[in-house]
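Here are the chains, one letter per residue:
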Amino acid sequence: MPRPPNQYWVWFNLESPSHSPNLHFMDDLINLTMSYRADSDIFSPYGWLDPNKEEDTFQIPPKTKLVAWAISNWNPGSKRVRYYQELKKFLSVDVYGRQHLPLPKNKHEQTLAQYKFYLAFENSIHEDYITEKLWKNALSFGCVPVVLGPTRKNYERFIPKDSFIHVDDFSTAEELAKYILKLDGDEKAYQQYFSWRSRLHPIGNTDWRTHYCKKSSRVESADYGEKSGIARNTKPNASQWGSIVGRPLKVQRCVCTAGAPPTGSNTFAYYERPCASDVAN
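Residues numbered from 1 in each chain as written. Predicted model: local features only at pLDDT ≥ 70, side-chain atom pairs only at ≥ 80, totals over all residues. Heavy atoms only, no water.

A. Representation of the side chain of Asn137 in the model. In this fold, Asn137 is placed in helix H3 (residues 132-140). Side chain to side chain, Asn137 and Tyr118 meet in a polar contact 2.9 Å long. (Helix = DSSP H or I, 4+ residues; strand = E, 2+ residues; numbered from the N terminus. Polar contact = N/O pair within 3.5 Å; in protein donor to acceptor, adjacent residues only side chain to side chain.)

B. Spatial organisation of the nonpolar core. Trp69, Leu87, Phe117, Tyr118, Val146, Ile165 and Leu176 are the most contacted members of the largest nonpolar core, which totals 60 residues. Among the elements that line this core, the one with the most residues is strand S7 (residues 115-121), at 6 residues. Leaving out residues up to four positions away in the same chain, Leu176 has contacts with Tyr83, Leu87, Val146, Ile165, Val167 and Phe170. (Core = buried A, V, L, I, M, F, W, Y, C linked by side-chain atoms within 4.5 Å. Buried < 20%, exposed > 50% of the residue type's maximum accessible area, 1.4 Å probe, protein only. Contact = heavy atoms within 4.5 Å.)

C. Region of interest: the sheet that holds strand S9 (residues 165-166). In space, the 5 strands of this open sheet follow the order S6-S5-S7-S8-S9, with parallel pairing throughout. Strands with a single pairing partner mark the edges of an open sheet, and in this sheet they are strand S6 (94-96) and S9. Where strand S8 (residues 144-148) and S9 come together, 2 bridges link them in parallel fashion. Residue pairing for S9: Val147 is matched across the bridge by His166. (Pairing = 2+ DSSP bridges.)

D. Representation of the side chain of Arg80 in the model. Looking at the secondary structure, you find Arg80 in helix H1 (residues 79-87). A distance of 3.2 Å separates the side chain of Arg80 from the backbone oxygen of Asn73, its partner in a polar contact.

E. Quick peek at the pairing of strand S2 (residues 32-35). On S2, burial covers both faces: Leu32 and Met34 on one face and Thr33 and Ser35 on the other are all buried. As paired elements, strand S1 (residues 8-13) and S2 share 4 bridges and run parallel to each other. Counted as the bridge partner of Trp11 is Thr33 from S2. Pairing between S2 and strand S3 (residues 42-43): 2 bridges, direction parallel. Within S3, the position partnered with Met34 by the bridge is Ile42.

F. Representation of the environment of Ile159. Tracing the chain through its elements places Ile159 in the loop between helix H4 (152-155) and S9. Once the C-alpha coordinates of Ile159 and Pro202 are considered, the two residues, 43 residues apart in sequence, prove to be 9.2 Å apart. With residues near it in sequence (within four places) discarded, Ile159 still touches Leu49, Leu134, Trp135, Leu139 and Phe164.

G. Focus on H1. Every buried residue belonging to H1 is among Arg80, Val81, Tyr83, Tyr84 and Leu87, and all of these are buried. Projected down its long axis, H1 carries its buried residues within an arc of 160 degrees, all on one side. In this fold, the buried residues of H1 make contact with strand S5 (65-70), S6, S7, H3, S8 and helix H5 (173-184). (Arc of directions from axis to C-beta.)

And the structure:
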C-alpha cells in the first residue's frame with residue numbers, strides 16, 4: 001500500500017531491537033520514526049524528569065524491606081536472570097511476577113515503595129532502552145534503582161549520576177551486594193541518592209495517551225515539516241534503523257486510534273504495537 005505524498009506515516013515502537021523483527025515492511029513506506037530512542041524523529045521515552053516549580057523536600061517513603069524485583073518474562077539465559085542468580089548468593093531479593101510473589105496491579109506502588117532498592121533490569125541491552133522499570137517501578141515509587149541496561153553514560157543523559165546504581169560499577173555481583181548492604185546500614189549515604197529530588201521529579205506513569213499526544217503535537221501542524229526540518233520523504237532503510245536482532249516474532253501492525261485518515265489528511269500512524277506494556281516485564 002503506497003503512502004500518499006501529502007501524509008506523514010509514523011512508525012511508533014517502544015520495544016527494543018531484540019524484540020522488533022520483520023521490519024522490512026517499513027522500507028520506503030514510513031517517513032517518521034517515533035520511539036524511546038533519542039535519535040527518533042519524535043522522541044517519546046518511557047519517562048523523563050521535570051523541574052520542580054520550587055525547591056522541594058522530598059519525603060522518602062517508609063522503608064521496611066531491602067531489595068525487590070518484578071519480572072514476568074523469565075528467561076534463564078538472559079543477562080538479567082543470570083546476574084540475579086549470582087546476586088542472590090550474597091543478597092536476599094524479593095522477586096515478584098509470574099511464578100514468583102504475587103503483585104496485584106492495584107498494589108504496585110504500595111508493594112514496591114516499601115523497598116530501599118529496586119532491580120531495574122532491562123530484558124535486553126540497547127542504547128536508550130530505559131523503560132518503566134526505572135521510571136515507574138523505581139524512581140516514581142521512591143526506590144533507589146539498581147540498573148542493568150545500557151551504559152552508565154547512557155543513563156546519565158536522562159537522570160542524575162547520583163540517582164542510581166549501575167551493575168557495571170562493580171566487578172562482581174558480590175561487590176554490588178556488599179555495597180547495597182553497606183548503604184542499608186548507612187542512612188545518610190542512602191539518602192544522598194534522593195538529593196536530586198529537591199530540584200526534579202520523575203514522570204513515569206505514561207500510557208498510550210501520553211505518546212499519542214506527543215505525536216499529535218509534533219505532526220498535526222500543517223507546517224510541521226518546514227518548522228522541524230524533517231522531510232516528508234520516505235525512509236528507504238527504516239528496517240536498518242530498527243537494528244533488528246533476536247528471534248523472529250510475529251509483528252502486530254495497526255493504524256492509530258481513529259483509523260485511516262481521509263486522503264488529504266496530514267497525519268497517519270503506522271506502528272508496531274509494543275508487547276511489553278506490563279509493569280513487571
